[in-house]
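Understanding the architecture of this molecule
The chain contents come next:
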Amino acid sequence: MSDPHDNVEPVARRKFLTRISLALGAGAAALAAIPAVAYVIGPTMKRDVEVWRDVGPVDQFEIGSTVQVTIDSPAANDWAGVSERMGAWLRRVNATDFAAFSINCTHLGCPVRWMQSANLFMCPCHGGVFYADGTVAAGPPEQPLAHHLVRVSAGRVQMSTRPIPIIS
């Protein structure tokens, strides 16, 4: 005759092993999801960072001139190196005022060039043209060049690293 407790032990062991397998699987899935969640959430955590970056002394820039400058991006990481540098066009309007524009065309993001002889920004990708104040002159772009905030502090020109809004 068989013992009634013989059937209880294999079922209990099977339930125990099933639960352990499910717990280990859930733990492995959670560990695998951490980098993906950090990738999605991480950039948003630094988006609102605003740091004023020094561009140079005021007298380095001639009135009426437009020059390309390079600053560290708003979310610069120590390990990123040169990839965290961003370019901008800085224009000295008069003795006290400066204007700065994104280096990227608002059509598809190609880098625009300043053409001193024409007094225009020109995009080589699709023929976008912008006036010296960043407004659209011709071509497919519908939005003006994005502006950076600029200030003068202690005789030095500084640009805000506030993220440039994405224009759709």
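Because the structure is predicted, anything quoted here is derived from the model rather than measured. (Residues numbered from 1 in each chain as written. Predicted model: local features only at pLDDT ≥ 70, side-chain atom pairs only at ≥ 80, totals over all residues. Heavy atoms only, no water.)

1. Some details on the overall build of the protein
The secondary structure content of the protein amounts to one helix and 11 strands. Secondary structure of the protein in N-to-C order comes out as α-β-β-β-β-β-β-β-β-β-β-β. In the protein, which comprises 168 residues, the share counted as buried stands at 28%. The contacts of the protein with a sequence gap of at least 6 include a subset with a gap of at least 24, amounting to 47%. Total accessible area computed for the protein in this model is approximately 11000 Å², and 59% of it derives from carbon and sulfur atoms. (Helix = DSSP H or I, 4+ residues; strand = E, 2+ residues; numbered from the N terminus. Buried < 20%, exposed > 50% of the residue type's maximum accessible area, 1.4 Å probe, protein only. Contact = heavy atoms within 4.5 Å. Areas by Shrake-Rupley, 256 points an atom, 1.4 Å probe, with all protein chains shown as cover.)

2. A closer look at the sheet that holds strand S10 (residues 150-153)
Taken in spatial order, the three strands of this open sheet run S1-S11-S10, and their pairing is antiparallel. Strands with a single pairing partner mark the edges of an open sheet, and in this sheet they are strand S1 (52-57) and S10. On average, adjacent strands in this sheet sit at an angle of 30 degrees to one another, irrespective of strand direction. (Pairing = 2+ DSSP bridges. Axes fitted to C-alpha atoms, helices over the stretch in contact; angles between N-to-C directions.)

3. Comments concerning the nonpolar core
Core analysis: the biggest nonpolar cluster contains 13 residues, and Trp89, Phe101, Val112, Phe121, Phe130 and Leu145 have the highest contact counts within it. Apart from the residues lying within four places of it in its own chain, the contact partners of Trp89 are Thr66, Val67, Gln68, Ala99, Ala100, Phe101, Ser102, Ile103, Val112, Arg113, Trp114 and Phe121. By size, the runner-up hydrophobic cluster in this structure holds 12 residues, among which are Met86, Ala88, Leu90 and Ala100. (Core = buried A, V, L, I, M, F, W, Y, C linked by side-chain atoms within 4.5 Å.)

4. Details of the state of the cysteines
Applying the stated criterion across every chain yields a total of one disulfide. The side chain of Cys110 participates in a disulfide bridge whose partner is Cys125; the two sulfur atoms lie 2.0 Å from each other. When the S-S torsion is -105 degrees, as for the bridge of Cys110 with Cys125, the disulfide is left-handed. Placement of the pair is Cys110 in the loop between strand S4 (98-102) and strand S5 (113-115) and Cys125 in the loop between strand S6 (120-122) and strand S7 (129-131), with a sequence separation of 15 residues. Cys125 sits in the partly exposed class, given a relative accessible area of 38%. Unpaired in this structure, Cys105 has its nearest cysteine sulfur neighbour in Cys123, at a distance of 3.9 Å. By relative accessible area, Cys105 is classed as buried at 5%. We classify Cys123 as buried; its relative accessible area is 6%. (Disulfide = S-S within 2.5 Å.)

5. Brief notes about the side chain of Arg91
Inspection of the secondary structure assignment puts Arg91 in strand S3 (residues 85-92). Although Arg91 lies buried, it forms no salt bridge, and the closest oppositely charged side chain, Asp133, sits 8.3 Å away as judged by the N-O distance. Only 3.2 Å separates the side chain of Arg91 from the backbone oxygen of Gly64, close enough to count as a polar contact. When near neighbours in sequence (up to four residues on either side) are disregarded, Arg91 contacts Gly64, Ser65, Thr66, Asp97, Phe98, Ala99, Trp114, Asn119 and Ala132. (Lys, Arg positive; Asp, Glu negative; His and termini not counted. Salt bridge = Lys/Arg side-chain N within 4 Å of Asp/Glu carboxyl O. Polar contact = N/O pair within 3.5 Å; in protein donor to acceptor, adjacent residues only side chain to side chain.)

6. Overview of the confidence of the model for the protein
Atomic detail in the predicted coordinates should be set aside for any region of low pLDDT. Per-residue pLDDT for the protein averages 81, and the proportion of residues at 70 or more is 77%. Here helix H1 (residues 8-45) is the element of the protein with the lowest mean pLDDT, 80, and S7 is the one with the highest, 93. (pLDDT = per-residue confidence, 0-100.)

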